[in-house]
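# Survey of secondary and tertiary structure
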Amino acid sequence: MQNVGHSYLSELNDIQRGAVEATEGPVMVIAGPGSGKTRVLTYRIAHLINIGVAPWNILALTFTNKAAREMKDRIEKVIGSGAHKVWAGTFHSLFSRILRVEAHRIGYPNDFSIYDTDDSKSLIREIIKSLNLDSKVYNVGAVRSRISTAKSNLMSPQAYAQNDDLLSLDKMNRRPMIFKIYELYVKKCKRAGAMDFDDLLLQMFNLLYKNPDNVRAKYQSQFSYVMVDEFQDTNSLQYEILKLLTVFDGSPHNVCIVGDDAQSIYSFRGATIENILQFEADFPAVQVYKLEQNYRSTNFIVDAANEVIGFNKKQIQKKIWTDNGDGRKIKVIKTMTDSEEGRRVADSIIEQKNRWHYANKDIAILYRTNAQSRVFEEHLRRHNIAYRIYGGLSFYQRKEIKDMIAYIRLCVNHKDDEALKRIINYPKRGIGKTTMEKLTKVADDNEISIWQVITQIELKGSHKRTIGGFINDIKEMQKRVMVEDAYKASLYISQKSGIIELLKADNTPEGKSRIENITALLDAIKEFVEDDEISPGEEAPEDKSLARFLQSISLMTDADQDTEQVDVVTLMSVHSAKGLEYKSVFVVGLEENLFPSYMSLSLPEQIEEERRLFYVAITRAEEMLTLTYANSRYQFGNMRFNDVSRFLEEIPESATDSTILTVKKDFPQPKILGNFKKVGAGRGALPQVDAGKFVASPITAIKEGVSVMHLKFGRGTVVSIDQRKVATIRFDQISDNPEKRIMLQYAKLQVLED
DNA sequence: GGGGGCTATGGGGGG
DNA sequence: CATAGCCCCC
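Keep in mind it's a predicted model, so treat the numbers as computed, not measured.

Across its full length, chain A holds 28 helices and 20 strands. Residue burial in chain A is summarised as follows: out of 754 residues, 55% are buried. Taking the intrachain contacts of chain A between residues at least 6 apart in sequence as the baseline, contacts between residues at least 24 apart amount to 74%. Of the roughly 33,700 Å² of accessible surface on chain A, a fraction of 50% belongs to carbon and sulfur atoms.

See below:
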């Protein structure tokens, strides 16, 4: 046994230490928020290495690259170098790395392309069209999600076509042909040598299940210790892969899963809590450790979290507790509009920084939907507070980057039809819609890729120049990819493609920033080539091909950037905040229809998932938690009025400092019917108006003394109107300065019949 | 047959 | 408010 002189075991409480030292056999760790889960995982890996397990025999699966990187960094701190040889990473990235070596065994090229969501959608759109189906009924997003769910449940197109439940459900939704779209989609992905995100899991499953050349045994023996983080977020497919790797004759069953049913927030992508229950059945004699002591937050926050999650019926019994002391009470901020919400949050941030000397990086603003970020961005900028937004459009989703990547993809894998379609006419080469439709038809009829079509048919007339030119360009680029390093080849591609030239012609600030982005991409490739680190488990020199670069970036998201280095306020969705913690957290937009989302209102189990999401949100806070909501906000381009979120009302009054929360459960909850509901009377909210049905009255109808409804300020009475058609209106709901001067020319006013 | 501008529609969370 | 599909002009 090595002794690295690190007393890591003494830094753990009894239960944590138990989980770390239980290295043999199946282990389940139920870990409440802030209970030192990451510490247990990393120390467990460090401990394994310490007692003589080779790092490359350890497989640690996480859900985000960030979690994986953090884990590796922390292992390194405990055991020194060698940490990077642990196979730690996301399911998708580690499996794609394995498939990069093994894919040829199951009929894919090792240089397979990875289709992102846009590629998938574009392909599905094309299929819907080719089947002459109504694209309004067959919503691509909905179809894609059906296919994704099918794959996550190991439902092949053939099985789908024979499953009466699925077929009748589709029929009920007026989309009976989904099974056919699914079949064609799988066929076309395969033909293009492409895997979508689900395939990275599904084909890994196929590889192990079909077991060509007895490849399964290789990985079963390599990964003698397996750990899965955030197990509550695994879907059936991921669980089946886990079993293929760890359940076999003579297996030591050294599997450790870590999770928290109360933080399960990904059922929309097929995650199922059943996996936790199933685990106990599939791995008998599992040792269970429950981490309930919270080291992160103060008592008011922990209390609120326990209270809120108590409203859920489905849960494993557990209660988190802390001895961190009561701390500061939870603050609730109510505002009239979303814009005011932005201002108040920015003001509070300044106040908190002054009062408690918080740095920007101690503070996070968490919202339910990425679209909410805009108002906060505006006000933070106005106050000169540095911030960074996560999620939304990541670098690799920018158009110019995707264009450039598409060229590289086509060079690496010429069968990649989605890449080809993206750039065959960008920059403009005179290859339009009609030509593409014909080429696609030929490709479909012969079951070959479009590249094969254009390189095999005889080009006639103008096509000789247009398509011929494209083929020559790509072939030139391919040559460079073969003989030059990834950086030089992509530099050549950027010029030869004409992208650089095209963007240089655009002198707008957007055009300039696009050039900068292309340069940044090229720099990233250069860095990739020059990086001398070796990837987990690999003994051979690192593969520096463009193919591997593509693989590494296709799984990258914005959330993977490092936050700690720079002093900025963090803005992100609650989903991407999972696993993170901040001294001060703002959870914003706490309104019905938003949080909980209007999409989830009709199903109780979806409401419960929203509640777990809220639980995740509030347990990110260490010292200070601020909850905000707005009476009105712009949603879908219209002003909407939403009630205060039920979740806010579930927070115990004793934990808040608020006198603002006067409207507790005095009013009956209106019935919610899935769609936007009318704003109820009372509640201290704005008066009755259905924003959806709001009709502005003509100027002539606005007269002195009439009652009017204003979309932002609510009900009011016209006091006077001057010659310039400016009305002075006294609004019932505005406490300070109730009289506003409204320009009738632009005003959105509706006369109320009393 | 290709390109560009306009209208209509839909709109959650993420690997 | 962004994108897709449509229509019109070259």
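On we go from here.
Quick look at the pairing of strand E1 (residues 27-31) now. Side-chain positions along a regular strand alternate between the two faces of the sheet. The buried fraction of E1 is high, at five of five residues. Because side chains alternate across E1, one face comprises the buried residues Val-27, Val-29 and Ala-31, and the other comprises Met-28 and Ile-30, equally buried. Examined bridge by bridge, E1 and strand E8 (residues 287-291) share five bridges and lie parallel to one another. Pairing of Ala-31 across the sheet is with Leu-291, part of E8. Strand direction decides the pairing type here: E1 and strand E7 (residues 255-259), joined by four bridges, are parallel. From the neighbouring strand, Ile-30 faces E7, where its bridge partner is Gly-259.

In this structure, Leu-420, Phe-470, Leu-521 and Ile-525 are the most contacted members of the largest nonpolar core, which totals 51 residues. The greatest single-element share of this core, amounting to nine residues, is contributed by helix H17 (residues 399-412). Ignoring any residue separated from it by four or fewer positions in sequence, one finds Ile-525 in contact with Ile-408, Ala-486, Tyr-487, Ser-490, Leu-546 and Phe-549. Ranked by size, the runner-up nonpolar core spans 43 residues in total, among them Ile-30, Phe-63, Ile-114 and Val-286.

With that settled, the discussion passes to helix H5 (residues 117-130). If you check H5, its first and last C-alpha atoms are 20 Å apart, about what 14 residues at 1.5 Å a residue would give, namely 20 Å. Every buried residue of H5 is listed here: Asp-119, Ser-120, Leu-123, Ile-124, Glu-126, Ile-127 and Ile-128. Phi for Asn-132, located one or two positions after H5, is positive at around 55°.

In this section: the side chain of Arg-296. Looking at where Arg-296 falls in the secondary structure, it is placed in the loop between E8 and helix H14 (299-309). Separated by 2.6 Å, the side chains of Arg-296 and Glu-581 make a polar contact.

Negative charge collects at one region of the surface, where Asp-485, Asp-523, Glu-527, Glu-530 and Asp-531 lie side by side. As for its placement among the helices and strands, Asp-523 is situated in helix H24 (residues 509-530). By relative accessible area, which is 43% here, Asp-523 ends up partly exposed.

The subject of this paragraph is empty space enclosed by the protein. Enumeration over the complete set of coordinates arrives at five cavities of 30 Å³ or more. The wall of the largest cavity is formed by 13 residues, among which Leu-123, Glu-126, Lys-188, Arg-191 and Asp-417 lie closest to the centre. Among the secondary structure elements, those contributing two or more residues to the lining of the largest cavity are H5, helix H9 (178-191), helix H18 (417-423) and helix H19 (433-446). A class-by-class count of the residues in the lining of the largest cavity yields five nonpolar, one polar and seven charged.

Scanning the model with the defined rule gives 47 salt bridges in all. Asp-14 is the salt-bridge partner of Arg-17, the closest N and O atoms lying 3.1 Å from each other. Of this pair, Arg-17 and Asp-14 both sit in helix H1 (residues 14-21), separated by three residues, roughly a single helical turn.

Strand order in the open sheet formed by six strands is E3-E2-E6-E7-E1-E8, with parallel pairing between adjacent strands. Edge strands, defined here as strands with exactly one partner in the open sheet, are strand E3 (87-90) and E8. Along the sheet, successive strands turn relative to each other by an average axial angle of 15°, direction set aside. In this sheet, E3 lies alongside strand E2 (residues 58-62) in parallel orientation, the contact comprising four bridges. Bridge pairing in E3 places Thr-62 opposite Thr-90. Its contacts with the sheet place helix H13 (residues 274-282) against E1, E7 and E8, and it is angled at close to 150° to E1.

Turning our attention to the environment of Asn-163. Within the secondary structure, Asn-163 is located in the loop between helix H7 (157-161) and helix H8 (164-172). In this structure, the C-alpha to C-alpha distance between Asn-163 and Glu-581, residues 418 residues apart in sequence, is 44 Å. There is a polar contact of 3.0 Å between the side chain of Asn-163 and the backbone nitrogen of Asp-165.

Looking at where Glu-610 falls in the secondary structure, it is placed in helix H27 (residues 604-618). Note on Glu-610: relative accessible area 6%, which makes it buried. Contact partners of Glu-610, with chain neighbours within four places excluded, come to Arg-368, Phe-595, Pro-596, Ser-597, Ser-600 and Phe-647.

Among the residues making up helix H11 (residues 215-222), those that are buried are Val-215, Tyr-219, Gln-220 and Gln-222. Around the axis of H11, the buried residues are gathered within 165° of arc, so they sit on the same side. On the buried face of H11, the contacting elements are E3, helix H4 (91-102), helix H10 (197-210) and helix H12 (236-246).

On to the packing of aromatic side chains, then. Inspection of the entire model under this criterion finds 17 aromatic pairs. Here the aromatic rings of Phe-63 and Phe-91 are separated by 5.4 Å at their centres, their planes lie at 55°, and the arrangement is tilted. A residue pair is termed long-range when its members are at least 10 positions apart, and Phe-63 in the loop between E2 and helix H3 (65-79) and Phe-91 in helix H4 qualify at 28 residues. For Phe-91, a relative accessible area of 3% gives the class buried. In this structure an aromatic cluster arises from ring pairing among Phe-231, Tyr-239, Phe-279 and Phe-283. In this arrangement the basic side chain of Arg-100 is found over the ring face of Phe-112, its NZ or CZ atom lying 4.1 Å from the centre. Lying across the ring of Tyr-492, Arg-480 places its NZ or CZ 3.8 Å from the centre.

The amide bond that connects Tyr-426 to the next residue, Pro-427, takes the cis arrangement and shows omega of -5°. Mapped onto the elements of the fold, Pro-427 is located in the loop between H18 and H19. Looking along the chain, the bond that leaves Phe-595 and enters Pro-596 is cis, with omega of 15°. By the secondary structure assignment, Pro-596 is in the loop between strand E13 (582-587) and H27. Non-glycine residue Arg-174 carries a positive phi angle of around 60°. In this fold, Arg-174 is placed in the loop between H8 and H9. Of the residues examined, Arg-174 reaches a relative accessible area of 58% and is grouped as exposed. For Asn-384, which is not glycine, the phi torsion reads 55° and is therefore positive. Relative to the assigned elements, Asn-384 resides in the loop between helix H16 (373-382) and strand E11 (387-389). On the accessibility criterion, Asn-384 (72% relative accessible area) is exposed.

A few words now on the pairing of E7. The buried fraction of E7 amounts to five of the five residues, a majority that puts the element mostly inside the structure. Both faces of E7 are covered, namely the face carrying Val-255, Ile-257 and Gly-259 and the face carrying Cys-256 and Val-258. Judged from the three bridges that link them, strand E6 (residues 225-228) and E7 form a sheet pairing that is parallel. For Met-227, the partnering residue across the bridge sits in E7 and is Cys-256. A crossover links E6 with its parallel partner E7, the connecting element being H12, and its sense is right-handed.

Conventions adopted
Residues numbered from 1 in each chain as written. Chains lettered and ligands numbered in written order. Predicted model: local features only at pLDDT ≥ 70, side-chain atom pairs only at ≥ 80, totals over all residues. Heavy atoms only, no water. Helix = DSSP H or I, 4+ residues; strand = E, 2+ residues; numbered from the N terminus. Buried < 20%, exposed > 50% of the residue type's maximum accessible area, 1.4 Å probe, protein only. Contact = heavy atoms within 4.5 Å. Areas by Shrake-Rupley, 256 points an atom, 1.4 Å probe, with all protein chains shown as cover. Pairing = 2+ DSSP bridges. Core = buried A, V, L, I, M, F, W, Y, C linked by side-chain atoms within 4.5 Å. Expected span 1.5 Å × (residues − 1). Polar contact = N/O pair within 3.5 Å; in protein donor to acceptor, adjacent residues only side chain to side chain. Patch = residues over 30% accessible without salt bridge, like charges linked within 9 Å, V, L, I, M, F, W, Y side chains within 5 Å. Salt bridge = Lys/Arg side-chain N within 4 Å of Asp/Glu carboxyl O. Lys, Arg positive; Asp, Glu negative; His and termini not counted. Charge placed at Lys NZ, Arg CZ, Asp CG, Glu CD. 1 Å grid on protein atoms, 1.4 Å probe; cavity = no way out; pocket = protein on both sides within 12 Å on 5 of 7 lines; lining within 4 Å. Points joined across faces, edges and corners; volume = space filled by probe spheres on them. Nonpolar A, V, L, I, M, F, W, Y, C, P; charged D, E, K, R; others polar. Axes fitted to C-alpha atoms, helices over the stretch in contact; angles between N-to-C directions. Arc of directions from axis to C-beta. Phe/Tyr/Trp six-rings, centres within 6.5 Å; stacked < 30°, edge-to-face > 60°. Lys NZ or Arg CZ within 6 Å of the ring centre and 35° of its normal. Right-handed = clockwise from strand over helix to strand, strands pointing away.

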